[in-house]
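Next come the chains, spelled out residue by residue.
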Amino acid sequence: MEFRLEAHRIVSISLGKIYSARGQRGGLKLHKNLLVSLVLRSARRVYLGEPGGECALPPRPGPPPPPDCERLRRGCRPLASEAAARGRPECPAESPRKRSAAERDPAAGYPGKKPRREAEQPPPQEDMETGNVASLISIFGSGFSGLLGKERGAAEATEPGQVCCEQPVLRSLNPWSTAIVAF
Amino acid sequence: MEGESIYEVDSEDGVGADIISTVEFNHTGELLATGDKGGRVVIFQREPESKNEPYNQGEYNVYSTFQSHEPEFDYLKSLEIEEKINKIKWLPQQNAAHSLLSTNDKTIKLWKVTERDKRPEGYNLKDEEGKLKDLSTVTSLQVPVLKPMDLMVEVTPRRIFANGHTYHVNSISVNSDCETYMSADDLRINLWHLAITDRSFNIVDIKPANMEDLTEVITASEFHPHHCNLFVYSSSKGSLRLCDMRASALCDKHSKLFEEPEDPSNRSFFSEIISSVSDVKFSHSGRYMLTRDYLTVKVWDLNMETKPIETYQVHDYLRSKLCSLYENDCIFDKFECAWNGSDSVIMTGAYNNFFRMFDRNTKRDVTLEASRESSKPRAILKPRRVCVGGKRRKDDISVDSLDFTKKILHTAWHPTENIIAIAATNNLYIFQDKVNSEMH
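Here the structure is a predicted model, which is why all the values come from computation and not from measurement.

The next point concerns the packing of helix H1 (residues 2–21) of chain A against helix H2 (residues 30–48) of chain A. Residue and element names in this part refer to chain A. As a packed pair, H1 and H2 sit with axes 8 Å apart at the nearest point and diverge in direction by 150°. By the criterion of interaxial angle, the relationship of H1 to H2 is roughly antiparallel. Here H1 and H2 pass one another in a crossing that is left-handed. Across from Phe3, Arg4, Ala7, His8, Ile10, Val11, Ser14, Leu15, Lys17, Ile18 and Ala21 in H1, the residues of H2 making contact are Asn33, Val36, Val39, Leu40, Ala43, Arg44, Val46 and Tyr47. Taken together, the residues that form the contact of H1 with H2 break down as 13 nonpolar, three polar and three charged.

In structure tokens:
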């Protein structure tokens with residue numbers, strides 16, 4: 001459980017870094033953004049309880065992690081492409097993904113809000129953060145079109161032509177990958 | 001080690017413009033070049049030792065300062081190109097002049113450094129100020145003579161190697177053939193001829209057809225010191241690839257792949273980040289390679305690809321703090337590493353203005369601090385210790401009181417002597433080892 005909370009925090013920090021990278025002097029740092037997206041991928045997996053998510057965690061006593069771990073970490077595509085690649089199972093272990101309840105039905109409530117009722121109340125600022133991040137994560141799960149619908153207006157307003165994408169079609173499908181493709 | 005000289009690069013314009021971004025000795029160690037975030041290069045020269053001033057033996061003084069790169073704007077992509085000097089590399093000296101390469105994110109420049117200490121006097125047609133003489137006053141001819149003048153150091157740009165890189169240049173390396181050099185960005189490595197600026201050969205290209213498939217980038221590269229056909233490049237996944245340019249024109253297929261399997265007990269969300277290699281350096285002998293990742297320095301034998309022959313912990317006490325270091329961006333800091341002249345000691349920087357040295361033979365290591373208080377001229381540096389709980393000695397620093405804004409990313413070791421240059425934000429420290437001191 002604590003891993004999920006930590007994963008949640010890491011996801012929100014990572015998203016913040018990707019956002020703030022866009023205004024950086026000297027253009028996007030490809031290396032740093034790649035590393036952030038890899039961390040985001042691992043944390044997201046753990047947070048959503050996906051198979052392969054255990055690969056990002058230190059080993060616990062008990063059964064060894066699934067053998068796909070090494071392959072997942074080394075050969076898999078980064079987070080940004082997962083939705084787009086759903087039709088092409090590069091990582092077979094991910095195809096039959098179990099969706100958490102929140103992913104299958106975003107209206108069922110943000111996963112982040114459940115632990116809060118049970119545990120002590122975090123400060124109000126964290127509430128906002130939790131809500132935003134959880135909704136973003138569930139939108140991730142239901143495909144980037146969901147994100148595009150919500151975020152498109154905001155994204156275009158904050159990007160006055162600074163990001164130049166190689167493939168304009170790609171950009172409309174996959175806003176998160178523009179952190180990497182923006183050259 | 002004795003503290004010797006401290007140079008603070010002061011600037012009126014903007015905070016951070018004088019943060020030193022690279023340090024490099026030339027091949028004899030007579031000259032030391034630094035580049036900063038504001039695009040300036042400062043060259044220091046070692047004073048020859050003289051009997052008249054025994055206390056000034058071998059001190060480094062400013063020799064020349066020039067503006068290497070200016071900020072530029074790429075109108076097509078609406079991106080500003082930073083003027084920060086990423087790397088400086090000296091060319092081997094071939095005549096009276098010195099030459100160096102300096103690069104920012106996009107453009108590499110070749111500079112020629114020359115001295116002028118004489119000037120001609122006694123022209124027939126012009127006077128001392130260069131104005132034309134009244135010919136009626138010229139009654140006899142004289143031969144102009146060279147008279148000594150105050151030393152003037154002139155730095156001129158000889159070549160500009162532009163438009164070779166789409167991504168940010170992270171390394172340059174001059175080939176042992178002294179005719180070519182390579183420049184590496186995140187995804188590609190180009191080979192240039194020092195005399196040709198309108199063309200370069202692409203020798204490594206790891207850009208995937210679909211950028212969404214990107215999983216690793218090039219982080220550093222270097223030519224082998226003796227074999228002009230060999231070079232190495234490191235990746236963000238922690239691997240090293242040794243390539244042979246004789247094998248094919250495009251060296252995408254490595255000759256050797258150096259990679260150490262990850263220790264599963266150390267796995268975390270940040271395993272990938274901390275395994276990214278930030279610097280790779282061949283030993284002077286050419287037999288070994290030194291790499292730096294976030295927590296360790298490793299020595300690799302060119303003959304063994306499966307794992308490094310030596311691993312040294314730089315600051316393992318940070319392993320439990322990776323999440324905080326991710327949050328404040330420190331986990332992305334790129335530390336460099338250096339060999340001493342005989343390849344027996346390796347050095348790298350850390351936080352709190354600490355730097356570490358590891359003696360490969362005695363297996364002893366030492367932590368030293370580059371600070372004004374401990375670096376008065378001819379003061380002896382005192383070894384420092386970071387305590388990680390348990391018994392705390394006097395003068396120990398606890399992990400929680402380390403200053404993470406004081407980081408030593410750039411260090412250089414004189415090619416033959418025990419003189420080191422340490423860049424601490426906008427200060428340059430030069431330490432000399434007058435007697436062979438022991439490691440602790």
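Here the narrative resumes, following the displayed structure.
Residues and elements named next belong to chain B. Look at Asp343: it is not a glycine, yet its phi comes out positive at around 60°. Along the polypeptide, Asp343 turns up in the loop between strand E24 (337–339) and strand E25 (345–349). Positive phi outside glycine occurs at Thr425, with the angle close to 55°. Mapped onto the secondary structure, Thr425 falls in the loop between strand E31 (419–424) and strand E32 (427–432).

Low-pLDDT portions of the prediction should not be read for the details of their coordinates. All names here are of chain B. In this model, chain B carries a mean pLDDT of 90, and residues with pLDDT of at least 70 account for 93%. Counting interchain partners and residues more than four positions distant, the pLDDT-below-50 stretch residues 9–14 has seven contacts. Low pLDDT (under 50) marks residues 436–440, which in the prediction has twelve contacts with non-local residues, meaning those over four places away or in another chain. Confidence estimates for the predicted assembly give a pTM of 0.77 and an ipTM of 0.88.

A word on the pattern of salt bridges. As enumerated under the stated definition, the model contains 32 salt bridges over all chains in all. Among the ionic pairs, Arg9 of chain A bridges to Glu327 of chain B, the shortest N-O distance being 2.4 Å. Here Arg9 of chain A is found in helix H1, whereas its partner Glu327 of chain B is found in helix H2 (residues 322–327) on a different chain. Take Arg9 of chain A: its relative accessible area is 39%, and that puts it in the partly exposed class. When the shortest N-O distance is used, the salt bridge between Arg116 of chain B and Glu154 of chain B registers 3.1 Å. On the criterion of sequence distance, the pair formed by Arg116 of chain B in strand E10 (residues 108–121) and Glu154 of chain B in strand E11 (residues 145–161) is long-range, its members being 38 residues apart. In this structure Arg116 of chain B comes out as partly exposed when scored by relative accessible area, which is 38%. In this structure Glu154 of chain B comes out as partly exposed when scored by relative accessible area, which is 25%. Each of Arg25 and Lys29 of chain A together with Glu80, Glu82 and Glu83 of chain B takes part in a single network of salt bridges with overlapping partners.

Here we take up a nonpolar patch on the surface. Residues and elements named next belong to chain B. A grouping of Leu125, Leu132 and Leu135 is seen on the molecular surface, where their side chains present a nonpolar patch of about 370 Å² in accessible area. You can see Leu132 is positioned in the loop between E10 and E11. A relative accessible area of 74% places Leu132 in the exposed class.

Side chains on a regular strand alternate between the two faces of the sheet. All names here are of chain B. In terms of burial, strand E26 (residues 354–359) is a largely internal element, six of the six residues being buried. A two-sided burial pattern is seen for E26, the buried positions comprising Phe354, Arg356 and Phe358 on one face and Phe355, Met357 and Asp359 on the other. Sheet topology places E25 next to E26; five bridges connect them, and they run antiparallel. Along E26, the bridge assignment pairs Ile346 with Phe358. The antiparallel pairing of E25 with E26 creates a hairpin that spans four residues between the two strands, and Asn352 there sits at a positive phi of about 60°. Sheet analysis places E26 next to strand E27 (residues 365–369), joined by five bridges and oriented antiparallel.

Attention now moves to the sheet that holds strand E16 (residues 218–223) of chain B. Residue and element names in this part refer to chain B. With antiparallel pairing, four strands are arranged side by side in an open sheet as E16-E17-E18-E19. A single partner strand is all that each edge strand has here, and the edge strands are E16 and strand E19 (256–258). Adjacent strand axes in the sheet meet at a mean angle of 20° when their direction is disregarded. Sheet topology places strand E17 (residues 230–235) next to strand E18 (residues 240–244); five bridges connect them, and they run antiparallel. Directly across from Ser234, in E18, lies its bridge partner Leu240.

This part takes up H2 of chain A. Its 19 residues give H2 of chain A an end-to-end C-alpha distance of 26 Å, which sits within 8% of 27 Å, the value for a rise of 1.5 Å per residue. Across the 19 residues of H2 of chain A, 18 count as buried, placing the element largely inside the fold.

So, about the sheet that holds E10 of chain B. Residue and element names in this part refer to chain B. Ordered in space as E8-E9-E10-E11, the four strands form an open sheet in which the pairing is antiparallel. Because the sheet does not close on itself, it has two edges, and the strands there are strand E8 (87–90) and E11. Neighbouring strand axes in the sheet, compared pairwise and without regard to direction, differ in orientation by 25° on average. With 13 bridges joining them, E10 and E11 adopt antiparallel strand pairing. Directly across from Ile108, in E11, lies its bridge partner Phe161.

The subject of this paragraph is H1 of chain A. With 20 residues, H1 of chain A extends 28 Å between its outermost C-alpha atoms, agreeing within 8% with the 28 Å of an ideal straight helix rising 1.5 Å per residue. The set of residues buried in H1 of chain A consists of Ala7, His8, Ile10, Val11, Ser12, Ile13, Ser14, Leu15, Lys17, Ile18 and Ala21 of chain A.

What follows is about the side chain of Glu310 of chain B. Residue and element names in this part refer to chain B. Mapped onto the secondary structure, Glu310 falls in strand E23 (residues 310–313). Its relative accessible area of 13% is what places Glu310 among the buried residues. Polar contacts involving the side chain of Glu310 include one to the side chain of Arg360, which spans 2.8 Å. Every residue in contact with Glu310, bar those within four places of it in the chain, is listed here: Val297, Lys298, Val299, Arg360 and Lys363.

Calculation criteria
Per chain, residues are indexed from 1 in the order of the written sequence. For naming, the first written chain is A and the first written ligand is 1, with later ones following in the order written. It should be noted that, the model being predicted, local features are given only for residues of pLDDT at least 70 and side-chain atom pairs only at 80 or more, the latter also being counted only at that level, while totals for whole chains, interfaces and linings use all residues. With hydrogens and water excluded, all non-hydrogen atoms of the structure serve as input to the side-chain values. Interaxial angles span 0 to 180 degrees and are taken between N-to-C directions of axes, which are lines fitted to C-alpha atoms, for helices over the stretch in contact. A run of H or I in DSSP becomes a helix once it reaches four residues, and a run of E becomes a strand once it reaches two; helices and strands are each numbered from the N terminus. For this classification, under 35 degrees means roughly parallel, over 145 means roughly antiparallel, 65 to 115 means roughly perpendicular, and everything else is oblique. By convention the crossing between two helices is left-handed if the near helix lies anticlockwise of the far one by an angle smaller than a right angle, and right-handed if it lies clockwise. Note on contacts: a residue pair is in contact if any heavy atoms of the two residues lie within 4.5 Å. Residues are sorted three ways: Asp, Glu, Lys and Arg are charged, Ala, Val, Leu, Ile, Met, Phe, Trp, Tyr, Cys and Pro are nonpolar, and all the rest, Gly among them, are polar. Confidence of the predictor at the level of single residues is given by pLDDT, which spans 0 to 100. For this analysis, a salt bridge means a side-chain nitrogen from Lys or Arg found within 4 Å of a carboxyl oxygen belonging to Asp or Glu. For every residue, the accessible area obtained with a 1.4 Å probe (protein chains only) is divided by the maximum for its type, and the residue is called buried under 20%, exposed over 50%, and partly exposed between those limits. Every patch collects residues that have over 30% relative accessible area and no salt bridge, joining them within 9 Å if they carry like charges and within 5 Å if they are nonpolar side chains (Val, Leu, Ile, Met, Phe, Trp, Tyr). In short, Shrake-Rupley with a 1.4 Å probe defines the accessible areas, and a residue's cover is counted only from the protein chains shown. Any two strands are treated as partners once DSSP identifies two or more bridges connecting them. Here the expected length of a helix is defined as 1.5 Å per residue gap, with one fewer gap than residues. Polar contacts, as used here, are pairs of N or O atoms within 3.5 Å; protein pairs need one atom able to donate a hydrogen and one able to accept it. Residues neighboring in sequence count only if both atoms are side-chain atoms.

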